[in-house]
Amino acid sequence: LQDVSQFYNTFQSAASALEKISGVLEEEPSVAEPAAPAALPAPVTASGSGRRVQFRGVRFGYRAAVVLPGLDLDIPPGQTVALVGETGAGKTTVARLLARFYDPDAGEVLLDGVDLRTLPDATLRREVVLITQESFLFAGTVAENIRLGCPSATDAEVEAAARAIGADAFISALPDGYATPVGKRGGKLSAGQRQLLSFCRAFIAAPSVLVLDEATALLDIPSERLVQSALRTVLAGRTALIIAHRLSTVAIADRVLVLRAGRVIEDGTPAELMSGPGEYADLHARWAASLA
């Protein structure tokens, strides 16, 4: 009778969980698959990995609040662009639109001239990868978490990706190396190690466009320096959009765009903007003062 009582409690809990999961599975997606999917043209860069990103008259808002009143943006293939600005300027919204978490209310987001709304989801997820400040690790091994970027990757390819990023040293020092369990949500690893694994995952996925949304925000200074060298490897030859409050991360960009109220108010290289009298120079001065 005690066993039956415990089973009944477990059954009720499972039935409740199943009901919630069923509700999620039955939910209609807010970003629907296109009825007539389009194909992307062959990459135009010499390395064959970067694609042109364009925002044409993009207007977007959350409910009644307009965040992007009409953004025009052109990122050539292979260029690394940093987006900076005060909180609420629209930086993360740009990243979410590029990853097609949302569709714009007006205007177009284009990848090599093709509207994201016409691309099948499988193609978009292969071409555009988003890394956030807290990338999710599953309770598997190190190798399994890296292989999420390319499920068909061999052990040799997983290890090659880790060596390229600079994560091989700490992985080899783990008790079972690449077969070491990372724990729930990667709890057995430090924040810097978890972020390096997310970069390994992105590297092995080989996307044409990489979006980093505050990817170093939760790291301490030593971990950030370790990740910075990995960033250069991940970004090489790819079109990249970096969103960061830490301007040490912005320094690796080819071009900096300063946003205010959803509009680009400054555009130039980090050195050009830092030497001028504009908002980027002011942001850089305040950031440097906070480190003193």
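Residues numbered from 1 in each chain as written. Predicted model: local features only at pLDDT ≥ 70, side-chain atom pairs only at ≥ 80, totals over all residues. Heavy atoms only, no water.

Asker: Which residues make up the overall build of the chain, and what values do they have?
Answerer: Scanning the chain for helices and strands turns up 11 helices and 10 strands. On C-alpha atoms alone, the chain measures out to a radius of gyration of 21 Å, which is about the 19 Å that the 2.2 N^0.38 rule sets for 292 residues. If one aligns the C-alpha atoms of the chain with their principal axes, the spans along those axes are about 75 × 45 × 40 Å. Considering the chain as a whole, with its 292 residues, one finds that 45% of them fall into the buried category. The long-range share in the chain, meaning contacts at least 24 apart out of those at least 6 apart in sequence, stands at 70%. For the chain, the distance from the average position of its 27 positive side-chain charges to the average position of its 33 negative side-chain charges is 2 Å. (Helix = DSSP H or I, 4+ residues; strand = E, 2+ residues; numbered from the N terminus. Rg over C-alpha atoms; globule rule 2.2 N^0.38 Å. Buried < 20%, exposed > 50% of the residue type's maximum accessible area, 1.4 Å probe, protein only. Contact = heavy atoms within 4.5 Å. Lys, Arg positive; Asp, Glu negative; His and termini not counted. Charge placed at Lys NZ, Arg CZ, Asp CG, Glu CD.)

Asker: Provide a residue-level description of the packing of helix α5 (residues 155–165) against helix α7 (residues 191–205), including the pertinent values.
Answerer: Relative orientation of the contacting elements α5 and α7 amounts to 120 degrees, with a least axis distance of 9 Å. It follows from the interaxial angle that α5 and α7 lie oblique. Considering only the axes of α5 and α7, their crossing is right-handed. Seen from α5, the contacting residues are Glu157, Val158, Ala161, Ala162, Ala164 and Ile165; seen from α7, they are Leu196, Phe199, Cys200, Phe203 and Ile204. Its residues placed into classes, the contact of α5 with α7 shows 10 nonpolar, no polar and 1 charged. (Axes fitted to C-alpha atoms, helices over the stretch in contact; angles between N-to-C directions. Parallel < 35°, antiparallel > 145°, perpendicular 65-115°, else oblique. Left-handed = near helix turned anticlockwise from the far one by under 90°. Nonpolar A, V, L, I, M, F, W, Y, C, P; charged D, E, K, R; others polar.)

Asker: Give me the sheet that holds strand β2 (residues 65–75): which residues, what numbers.
Answerer: Sheet strands line up and pair through hydrogen bonds in the backbone, either parallel or antiparallel. Sheet architecture is open: 4 strands sit in the order β2-β1-β4-β5, paired in antiparallel fashion. Looking at which strands have only one partner, the edges of the open sheet turn out to be β2 and β5 (114–115). Where strand β4 (residues 106–111) meets β5, 2 bridges bridge the pair, whose relative direction is antiparallel. In the strand pairing of β5, Leu110 is matched with Asp115. The sheet contacts of helix α2 (residues 91–98) involve β1 (53–62), β2 and β4, and relative to β1 the element is tilted by about 115 degrees. (Pairing = 2+ DSSP bridges.)

Asker: So what's going on with the packing of aromatic side chains? Residues and values would help.
Answerer: According to the stated counting rule, one finds 5 aromatic pairs in the structure shown. Arranged with centres 5.4 Å apart and planes meeting at 40 degrees, the rings of Phe60 and Tyr102 form a pair that is tilted. Remark: Tyr102 occurs in the loop between α2 and β4 and Phe60 occurs in strand β1; sequence separation between them is 42 residues. Judged by its relative accessible area of 4%, Phe60 falls in the buried class. Taken together, the ring pairs in this structure connect Phe60, Tyr62 and Tyr102 into an aromatic cluster. (Phe/Tyr/Trp six-rings, centres within 6.5 Å; stacked < 30°, edge-to-face > 60°.)

Asker: How would you summarise the state of the cysteines if you had to cite specific residues and measurements?
Answerer: In total, this model carries 0 disulfides according to the counting rule given. No disulfide involves Cys150; its nearest neighbouring cysteine sulfur is the one of Cys200, lying 14 Å away. Given a relative accessible area of 22%, Cys150 falls into the partly exposed group. A residue is classified by how much of its surface remains accessible, and Cys200, at 0% relative accessible area, is buried. (Disulfide = S-S within 2.5 Å.)

Asker: Quick one: what's the story with the nonpolar core, residue by residue and with numbers?
Answerer: Ranked by size, the top nonpolar core spans 46 residues in total, and within it Ile171, Leu197, Phe199 and Leu212 carry the most contacts. When residues in this core are grouped by element, the largest group, 6 residues, is from α7. What Phe199 contacts, discounting residues up to four positions off in sequence, is Ile131, Ile165, Leu212, Ala215, Val227, Ala230, Leu231 and Val234. Listed in part, the 30 residues of the second largest apolar core include Leu40, Phe55, Val67 and Val128. (Core = buried A, V, L, I, M, F, W, Y, C linked by side-chain atoms within 4.5 Å.)

Asker: Summarise the environment of Val109; cite the residues concerned and give the values.
Answerer: Looking at the secondary structure, you find Val109 in strand β4. Along the primary structure Val109 and Val128 are separated by 19 residues, whereas in three dimensions their C-alpha atoms are 13 Å apart. Excluding its chain neighbours within four sequence positions, the residues that come into contact with Val109 are Gln54, Phe55, Val58, Leu97, Leu98, Pro104, Val114, Asp115 and Leu116.

Asker: Quick one: what's the story with the layout of surface pockets, residue by residue and with numbers?
Answerer: The volume enclosed by the largest pocket comes to roughly 410 Å³. What lines the largest pocket is a set of 18 residues, and nearest its centre among them are Arg125, Val128, Val129, Leu130 and Arg201. For the lining of the largest pocket, the elements supplying multiple residues, two or more each, are α3 (121–127), β6 (128–132) and α7. Each residue belonging to the lining of the largest pocket can be placed in one class, and the counts come to 11 nonpolar, 4 polar and 3 charged. (1 Å grid on protein atoms, 1.4 Å probe; cavity = no way out; pocket = protein on both sides within 12 Å on 5 of 7 lines; lining within 4 Å. Points joined across faces, edges and corners; volume = space filled by probe spheres on them.)

Asker: Break down the sheet that holds strand β3 (residues 80–84) for me, citing the residues and quoting the values.
Answerer: The 6 strands are arranged β6-β7-β8-β3-β9-β10 in an open sheet whose pairing can be described as mixed. The open sheet has two free edges, formed respectively by β6 and β10 (263–268), since each of these has just one partner strand. Adjacent strand axes in the sheet meet at a mean angle of 20 degrees when their direction is disregarded. Pairing geometry for β3 and strand β8 (residues 239–243), over 4 bridges, is parallel. Note that in β8 the partner of Leu83 across the bridge is Ile243.

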